[in-house]
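Structural description and commentary
Take a look at the letters that make up each chain.
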Amino acid sequence: MGKTVTTYLIDGDPKGTQYAFISNKICQMFVVPRSNLSYLNTQEKLQKPAFYILLGEDESTKPQAYIGETENFKERVKDHDSKKVFWQKALIFVSKDADMTKVDVQYLEHKAIAEAKKANAFVLSDNKQIPKAPNLPEHQQDSMDEFFEDVKFLASFIGCNIFEVSQPKEEHLFYTKGRGCNAKGFYSSDGFTVLKGSIVAKTMVPSFNWKEKREKMLQDYTSNENGILVLTSDKTFSSPSTAADFCIGSSNNGWLVWKDKEGNTLDSVYRKQLD
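Keep in mind that this is a model prediction, so the values were computed, not measured.

1. Description of the overall build of the protein chain
Looking only at helices and strands, one finds seven helices and 13 strands in the protein chain. Taking the principal axes of its C-alpha atoms as reference, the protein chain extends roughly 55 × 45 × 40 Å. Burial analysis of the protein chain (275 residues in total) assigns 44% to the buried set. For the protein chain, long-range pairs separated by at least 24 residues make up 61% of all intrachain contacts whose partners lie at least 6 apart in sequence.

2. Considerations on the pattern of salt bridges
Taken as a whole, this structure holds 13 salt bridges when the rule is applied. For lysine 25, the salt bridge is made with glutamate 146, and the minimal N-O distance between the two is 3.2 Å. Of this pair, lysine 25 sits in the loop between strand S2 (18-22) and strand S3 (27-33) while glutamate 146 sits in helix H3 (residues 138-157), and the two are 121 residues apart along the sequence. A residue is classified by how much of its surface remains accessible, and glutamate 146, at 45% relative accessible area, is partly exposed. Note that lysine 152 is salt-bridged to glutamate 115, the shortest N-O span being 3.2 Å. Of this pair, lysine 152 sits in helix H3 while glutamate 115 sits in helix H2 (residues 102-119); the two residues are 37 residues apart in sequence, bridging distant segments of the chain. A relative accessible area of 22% places glutamate 115 in the partly exposed class. Via salt bridges that share partners, Lys25, Glu146 and Asp150 belong to a single interconnected network.

3. Details of the packing of helix H4 (residues 211-221) against helix H5 (residues 240-248)
Interaxial distance between H4 and H5 falls to 10 Å at its minimum, and their mutual angle equals 75 degrees. Relative to H5, H4 is oriented roughly perpendicular. For the pair H4 and H5, the contacting residues are Arg214, Met217 and Leu218 in the first and Asp245, Phe246, Cys247 and Ile248 in the second. Its residues assigned to classes, the contact of H4 with H5 shows five nonpolar, no polar and two charged.

4. Quick word on the packing of aromatic side chains
All told, the structure shown has 13 aromatic pairs when counted by the stated rule. Ring plane angle 40 degrees and centroid distance 6.4 Å describe the contact between phenylalanine 30 and tyrosine 39, whose orientation is recorded as tilted. Both residues of the pair, phenylalanine 30 and tyrosine 39, belong to the buried class. The interplanar angle of 70 degrees and the centroid separation of 5.1 Å between the aromatic rings of tyrosine 187 and tyrosine 270 together place this pair among those described as edge-to-face. Of this pair, tyrosine 187 sits in strand S8 (residues 181-188) while tyrosine 270 sits in helix H7 (residues 266-271); the two residues are 83 residues apart in sequence, bridging distant segments of the chain. Taken together through their ring pairs, the aromatic side chains of Tyr8, Tyr19, Phe30 and Tyr39 make up a single cluster. One Lys or Arg, lysine 84, reaches over the ring of tyrosine 66 and ends 4.2 Å from the middle of that ring. The residue whose ring lies beneath lysine 235 is phenylalanine 237, and the NZ or CZ to ring-centre distance is 5.7 Å.

5. Description of the sheet that holds S3
On the basis of which strands lie adjacent, the open sheet formed by six strands has the order S1-S2-S3-S6-S4-S5 and antiparallel pairing. Edge positions in the sheet fall to strand S1 (5-9) and strand S5 (63-70), since each has one partner strand and no second. Sheet twist, expressed as the mean angle between neighbouring strand axes with direction ignored, is 15 degrees. Across seven bridges, the pairing between S3 and strand S6 (residues 87-95) is antiparallel. By the bridge assignment, phenylalanine 30 is partnered in S6 with isoleucine 92. Against the sheet, helix H1 (residues 73-83) touches strand S4 (50-57), S5 and S6, its axis set at about 160 degrees to S6.

6. A closer look at the nonpolar core
Among the nonpolar cores identified, the biggest contains 32 residues, and Phe51, Ile53, Ile67, Phe93, Ile162 and Phe163 are the most heavily contacted of them. Elements with a contribution of two residues or more to this core: S2, S3, S4, S5, S6, H2 and H3. The contacts of isoleucine 162, once residues within four sequence positions are left out, are Ile53, Ala65, Ile67, Glu115, Ala116, Ala119, Phe122 and Leu124. Counting 24 residues, the second largest nonpolar core, distinct from the first, contains Ala183, Ala243, Ile248 and Trp255.

7. A short note on the UniProt feature "domain: DUF4357" (unreviewed entry) in the protein chain
Residues annotated by UniProt as "domain: DUF4357" (unreviewed entry) correspond here to residues 214-266. Secondary structure over residues 214-266 splits into 42% helix and 21% strand, and the C-alpha atoms at its two ends are 23 Å apart.

Thresholds, definitions, all that
- Residues numbered from 1 in each chain as written.
- Predicted model: local features only at pLDDT ≥ 70, side-chain atom pairs only at ≥ 80, totals over all residues.
- Heavy atoms only, no water.
- Helix = DSSP H or I, 4+ residues; strand = E, 2+ residues; numbered from the N terminus.
- Buried < 20%, exposed > 50% of the residue type's maximum accessible area, 1.4 Å probe, protein only.
- Contact = heavy atoms within 4.5 Å.
- Salt bridge = Lys/Arg side-chain N within 4 Å of Asp/Glu carboxyl O.
- Axes fitted to C-alpha atoms, helices over the stretch in contact; angles between N-to-C directions.
- Parallel < 35°, antiparallel > 145°, perpendicular 65-115°, else oblique.
- Nonpolar A, V, L, I, M, F, W, Y, C, P; charged D, E, K, R; others polar.
- Phe/Tyr/Trp six-rings, centres within 6.5 Å; stacked < 30°, edge-to-face > 60°.
- Lys NZ or Arg CZ within 6 Å of the ring centre and 35° of its normal.
- Pairing = 2+ DSSP bridges.
- Core = buried A, V, L, I, M, F, W, Y, C linked by side-chain atoms within 4.5 Å.
- UniProt positions renumbered as here; feature names shortened; annotations may be inferred.

Below is the structure:
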């Protein structure tokens, strides 16, 4: 079923301040760069109960985020602006009807931290614990569960995959081996996703041209189990070749080295599908 998303670029800049909402839904997402916090003075909705995500980078290969809730984002962000260095923009989720309560946003924070930790796509160093879920009446919990589904959709809509957990179909899995690697994954519109549990090569050939980044990724995404490096979470790469290079530790044509159970290459399944 299709959805209509309305996006308004407040300053005409696609990377600037904006808001978005799904037609016939109450969830509204504001995207506010750190460089434009003065916008909060003009928007009354951002001075009411809200659930929010701060996004940025750290020295890790993973992006970094902080997930929180507040009764007044304008006031809460003052503390974050002075104490948190990493973030560059905030995603703030409010009700278009402005009828959410403190307990509602606490419930959203609980769900969001739990799902973000499960997805393991972002560093959540300041969200060490999953907060306890507050008590909500059953009907209100159902409403907030529906609201959170819209939160996830709108975050994904602007390219933030903090809650996304890969759910591949078995018939679309591809495999590759070599240099001690035994990995599996699938191809989608996002790129090529290598699945949790894949074994990746410990070493790299001398000619490998992004050694430092791969070493950092190995630290972030793998664990050493009896001398074998095992992927601890799904990892999506922009191309099948980059995914293969990471897994094998050498330069490869990913369209040819990823093969399904029948031995069909990724190239023959996807790039030749219009022949």
